Number of protein chains: 2
Amino acid sequence: MARSAGRTRPVIKDVAKLAGVSAPTVSRYLNGTVNVTEDKRERIAKAIKELGYEPSIVARALSNREMDSVVVFAANPSAFSTSETNHGVEAAARKRRFLLNIVSLDESDMDSVKARVRMGLSIRPAGVIVYEYDRAGIAALEYIPKDMPMVVVGGSFGDGEYQVINAERDGGRWMTMHLLDLGHRTVFHVGRPEGPTDNTRTNGWRDALKERGVTAPDPIIVPDDDLEESVKAGRTLGRRGDVTAIFAGNDETAIAVIRGLREVGRRVPADVSVVGFDDRNFGAMWNPALTSYTQNFLDMGERSFRMLFEQIQAKRAGDDAPPSQVEVVQGKPCLRASERAYGDGEIA
Amino acid sequence: MARSAGRTRPVIKDVAKLAGVSAPTVSRYLNGTVNVTEDKRERIAKAIKELGYEPSIVARALSNREMDSVVVFAANPSAFSTSETNHGVEAAARKRRFLLNIVSLDESDMDSVKARVRMGLSIRPAGVIVYEYDRAGIAALEYIPKDMPMVVVGGSFGDGEYQVINAERDGGRWMTMHLLDLGHRTVFHVGRPEGPTDNTRTNGWRDALKERGVTAPDPIIVPDDDLEESVKAGRTLGRRGDVTAIFAGNDETAIAVIRGLREVGRRVPADVSVVGFDDRNFGAMWNPALTSYTQNFLDMGERSFRMLFEQIQAKRAGDDAPPSQVEVVQGKPCLRASERAYGDGEIA
DNA sequence: CTGAAAGCGCTTACAG
DNA sequence: CTGAAAGCGCTTACAG
């Protein structure tokens, strides 16, 4: 547990003195705003190295009225999707020497959203990223000044200007199509509450059925974290003769549904095909190994920062904002053993 | 997607003018460093409210040479333990109006540790929290100045001054004891690579066996994320006649071990008891429902910040640093159905 | 191309 | 208790 000795950090003036130039010249060298003659460049570089100088990002921020920092506003901060996206943002930000601030939002405390956003903005970040999967994220938008570079992650294809969307809806559509392609007449759905955006798995399921011209059965919506309800949904569906394929809103739900199905004597996948979503929670080791769909949140995070950075650069250069854009980050299916073609049942 | 209009924020001078006092007086009111007369207090409070004034944390930071911010250094940023601890830190920090910066470390890129730490320190945070579960975390310590308030999370009971430790080792000991209490002669272990601290599950397993005077069998260490190896370990152990109880280093491993055991014809828990750790990944829905051990990372995060804040306050007040301390955050066992008393096998 | 001056928005001695 | 002044460490017009 060695700790280095605490000596006071050198400042720009120290560098200037050692290099025999003025502080503004060092500043210009650092920021590349104006040309600095070659010999001075060299002396400055040498001085910086010798002193181990690192510019104060705080002083720079006060001067620039803006900090080289992004703040991420996210409800549900300990979800895998959130932390993995954060990680991607941080990695991309670090390359530009931007710091990441995390401000959590709380779905169950909507009153605090405004205060939290203001607190996050109090460092005057260069830009913000809002995870718009839920009401808190959407509420946050209202408090973010219009001229602040911003990108919205994960939400709807609404009227936002800069968005990075994940394949929630596309994925749901894909999984449902897959089941339909296997010959199932229709696909039932056990999903989670939908939230405020339309980029949802459940909508993807609806899309697929609609495209194939089959009427969507009523979806069964189970509260988050209530596995017992999902087991019950499995039993309910298992007792019906016409259920041969189920798209579950996530892997936990799928596994609970399978349990319910078995409790009423249905085999998976022999009698009923069940697929999940997220590819988390160890579905690959399940019996049968669970077919699922995985998303690339790391990539989403990186792309979000890059999209934000374009806006920041344009703003700093005094240019027009880049054209608005929506990037869709595709996930991919993980085909395993929990589903099968319709009619193959007797073989199992 | 409403965005509020961007007007420029009021500064301390605006408040001073409106309240009919000087800026330093507003500052004193805000920081409570010196008494301000009642009538002025009221006028200032009114002006702040009227203008919607929020102090610039950046300007304050430049003046104080310190920002109201904590930086967390953590490798493995998308792990549940990390993000949940972060969440706790953030929640506690927010109460003190501190911001949270996240800087990820990378186990596979030890060369970057120094640069990342320096970058994190470049905002001059009031304190830092280092997650010391791995080599990168430990390496980071070296670059943090001695006079910087710091708390170390999760690591060993080493020579650190301020530590918040989770129940890795205690938990491992508890689970092993539990199996021993059920009458098993010994407990085998399939664990993950141990890392650099001694606060590990595997050490807890050793502790328990030692306390009971039983010689520890060789542990089987499987690489992270290599489930096949764990399945293999299950097969290997299953072929031996003397294996009746296994403590797995986490739930994934436990489930893979169970699979291996079954492949060679052993029943769980009838023939072999298996327990996991972490209580993640849906072990409760497994068949048999997996006995495991859960930790409170949220609480760890909150405690870490509070411990840090004590140091920060002392430093700012010019007082001596608080006495060094180690807080151990206990987890708790989740007893389910994957283990049973030794000798009950024939009943199953 | 480069330096002296002023300013970003606070806080902290220093007088009163 | 309170105000005028100076300073935190940068950057950006403004002259040269």
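Residues numbered from 1 in each chain as written. Chains lettered and ligands numbered in written order. Predicted model: local features only at pLDDT ≥ 70, side-chain atom pairs only at ≥ 80, totals over all residues. Heavy atoms only, no water.

## Points about the protein's contact with DNA strand C
Part 1 of the argument: What surrounds DNA strand C is a group of 26 residues, the closest being Thr 25, Arg 28, Thr 37 and Lys 40 of chain A together with Ser 27 of chain B.
Part 2 of the argument: Sugar and phosphate atoms form 74% of the subset of DNA strand C atoms that lie within 4 Å of the protein.
Part 3 of the argument: Asn 35 of chain A places a side-chain nitrogen or oxygen 3.4 Å from a phosphate oxygen of DNA strand C.
Part 4 of the argument: Sorting the residues of the surface near DNA strand C by element identifies helix 2 (23-31) and helix 4 (57-64) of chain A together with helix 2 (23-31) and helix 4 (57-64) of chain B as the ones contributing at least two each. (Near = heavy atom within 4 Å. Polar contact = N/O pair within 3.5 Å; in protein donor to acceptor, adjacent residues only side chain to side chain. Helix = DSSP H or I, 4+ residues; strand = E, 2+ residues; numbered from the N terminus.)

## Considering the interface of chain B and chain A
Part 1 of the argument: Counting residues at the interface gives 67 residues for chain B, matched by 67 residues for chain A.
Part 2 of the argument: A combined buried area of about 6,100 Å² lies between chain B and chain A, and 59% of that area is made up of carbon and sulfur atoms.
Part 3 of the argument: For the pair chain B and chain A, the interface holds 2 salt bridges.
Part 4 of the argument: Note that Glu 54 of chain A is salt-bridged to Arg 118 of chain B, the shortest N-O span being 2.9 Å. (Contact = heavy atoms within 4.5 Å. Buried area = accessible area lost by both parts, 1.4 Å probe. Salt bridge = Lys/Arg side-chain N within 4 Å of Asp/Glu carboxyl O.)

## Thoughts on the relation of the copies chain B and chain A
Both copies of the chain are placed relative to one another by a rotation about an axis and a shift along it.
Part 1 of the argument: Mapping chain B onto chain A is achieved by rotating through 180° and translating by 0.0 Å along the same axis, at an RMSD of 0.1 Å. Such a combination of rotation and displacement between the chain copies is what one expects of a two-fold axis.
Part 2 of the argument: Interface overlap between copies is the fraction of interface residues in one copy that are interface residues in the other; for chain B against chain A it reaches 100%, indicating a shared surface. (Least-squares fit on C-alpha atoms with pLDDT ≥ 70 in both.)

## With respect to the pattern of salt bridges
All names here are of chain A.
Part 1 of the argument: A complete count under the given rule lists 42 salt bridges over all chains for this structure.
Part 2 of the argument: Its salt-bridge partner being Glu 66, residue Arg 316 comes within 3.0 Å of it at the nearest N-O pair. Pair noted here: Arg 316 is in helix 12 (residues 297-317) and Glu 66 is in the loop between helix 4 and strand 1 (67-75), with a separation of 250 residues, a long-range link.
Part 3 of the argument: Relative accessible area serves as the criterion here: at 14%, Glu 66 is assigned to the buried category.
Part 4 of the argument: A salt bridge links Lys 232 to Glu 229, with the nearest nitrogen and oxygen atoms 3.3 Å apart. You can see Lys 232 and its partner Glu 229 sitting in helix 10 (residues 227-239), 3 residues apart, about one turn around the helix.
Part 5 of the argument: On the basis of relative accessibility, which here comes to 42%, the residue Lys 232 falls in the partly exposed class. (Buried < 20%, exposed > 50% of the residue type's maximum accessible area, 1.4 Å probe, protein only.)

## Considering the packing of aromatic side chains
By convention here, two paired aromatic rings are described through the distance between centres and the angle between planes.
All names here are of chain A.
Part 1 of the argument: A complete count under the given rule lists 13 aromatic pairs over all chains for this structure.
Part 2 of the argument: Here the aromatic residues Phe 98, Phe 305 and Phe 309 are joined through ring pairs into a cluster of three or more.
Part 3 of the argument: Between Arg 280 and the ring centre of Phe 80, over which it is positioned, the NZ or CZ distance is 3.6 Å. (Phe/Tyr/Trp six-rings, centres within 6.5 Å; stacked < 30°, edge-to-face > 60°. Lys NZ or Arg CZ within 6 Å of the ring centre and 35° of its normal.)

## Here we look at the packing of helix 10 (residues 227-239) of chain B against helix 11 (residues 251-263) of chain B
All names here are of chain B.
Part 1 of the argument: For the pair helix 10 and helix 11, the least separation of the axes is 7 Å and the interaxial angle reads 45°. Overall, the two elements helix 10 and helix 11 adopt an arrangement that is oblique. Where helix 10 crosses over helix 11, the two elements pack in a sense that is right-handed. Note on element contacts: helix 11 touches helix 10 through Glu 252, Thr 253, Ala 256, Val 257, Arg 259, Gly 260, Leu 261 and Glu 263, opposite Leu 227, Ser 230, Val 231, Gly 234, Arg 235, Leu 237 and Gly 238.
Part 2 of the argument: Its residues assigned to classes, the contact of helix 10 with helix 11 shows 6 nonpolar, 5 polar and 4 charged. (Axes fitted to C-alpha atoms, helices over the stretch in contact; angles between N-to-C directions. Parallel < 35°, antiparallel > 145°, perpendicular 65-115°, else oblique. Left-handed = near helix turned anticlockwise from the far one by under 90°. Nonpolar A, V, L, I, M, F, W, Y, C, P; charged D, E, K, R; others polar.)

## Here's the deal with the protein's contact with DNA strand D
Part 1 of the argument: The immediate surroundings of DNA strand D are formed by 26 residues, with Ser 27 of chain A together with Thr 25, Arg 28, Thr 37 and Lys 40 of chain B found nearest.
Part 2 of the argument: Close to the protein, within 4 Å, the atoms of DNA strand D belong to sugar or phosphate groups at a rate of 74%.
Part 3 of the argument: Ser 63 of chain A has a polar side-chain atom sitting 2.8 Å from a sugar or linking oxygen of DNA strand D.
Part 4 of the argument: At 2.5 Å from a phosphate oxygen of DNA strand D is found a side-chain nitrogen or oxygen belonging to Thr 37 of chain B.
Part 5 of the argument: Listing elements by their share of the surface near DNA strand D, those giving two or more residues are helix 2 and helix 4 of chain A together with helix 2 and helix 4 of chain B.
Part 6 of the argument: Here the residues of the surface near DNA strand D are counted per class, giving 11 nonpolar, 10 polar and 5 charged.

## Looking at the domain arrangement of chain A
Residue and element names in this part refer to chain A.
Part 1 of the argument: Structurally, chain A comprises domain 1 (63-166 + 297-317) and domain 2 (168-294 + 334-347).
Part 2 of the argument: Taken together, the 12 residues of domain 1 in the interface contact 6 residues of domain 2.
Part 3 of the argument: For the pair domain 1 and domain 2, the summed buried area comes to about 710 Å², and 59% of that belongs to carbon and sulfur atoms.
Part 4 of the argument: Our count for the contact surface shared by domain 1 and domain 2 stands at 0 salt bridges.
Part 5 of the argument: Remark: the boundary between domain 1 and domain 2 carries 3 residue pairs in polar contact (both at pLDDT 80 or more). (Domains from an automatic or database assignment.)

## Quick look at the nonpolar core
Part 1 of the argument: Core analysis: the largest hydrophobic core is formed by 49 residues, its most contacted members being Phe 73 and Val 128 of chain A together with Phe 73 and Val 128 of chain B.
Part 2 of the argument: Aside from chain neighbours lying at most four places away, what touches Phe 73 of chain B is Val 103, Leu 105, Arg 116, Val 117, Gly 120, Val 128, Ile 129, Val 130, Tyr 131 and Ile 144 of chain B.
Part 3 of the argument: Listed in part, the 48 residues of the second largest apolar core include Val 151, Val 153 and Phe 297 of chain A together with Tyr 131 of chain B. (Core = buried A, V, L, I, M, F, W, Y, C linked by side-chain atoms within 4.5 Å.)

## Points about the sheet that holds strand 8 (residues 245-248) of chain B
Residues and elements named next belong to chain B.
Part 1 of the argument: Taken in spatial order, the 4 strands of this open sheet run 7-6-8-9, and their pairing is parallel. With one partner strand each, in any of the chains shown, strand 7 (220-221) and strand 9 (273-275) form the two edges of the open sheet.
Part 2 of the argument: With 3 bridges connecting them, strand 8 and strand 9 associate as parallel partners. The residue of strand 9 that forms the bridge with Ile 246 is Val 274. (Pairing = 2+ DSSP bridges.)

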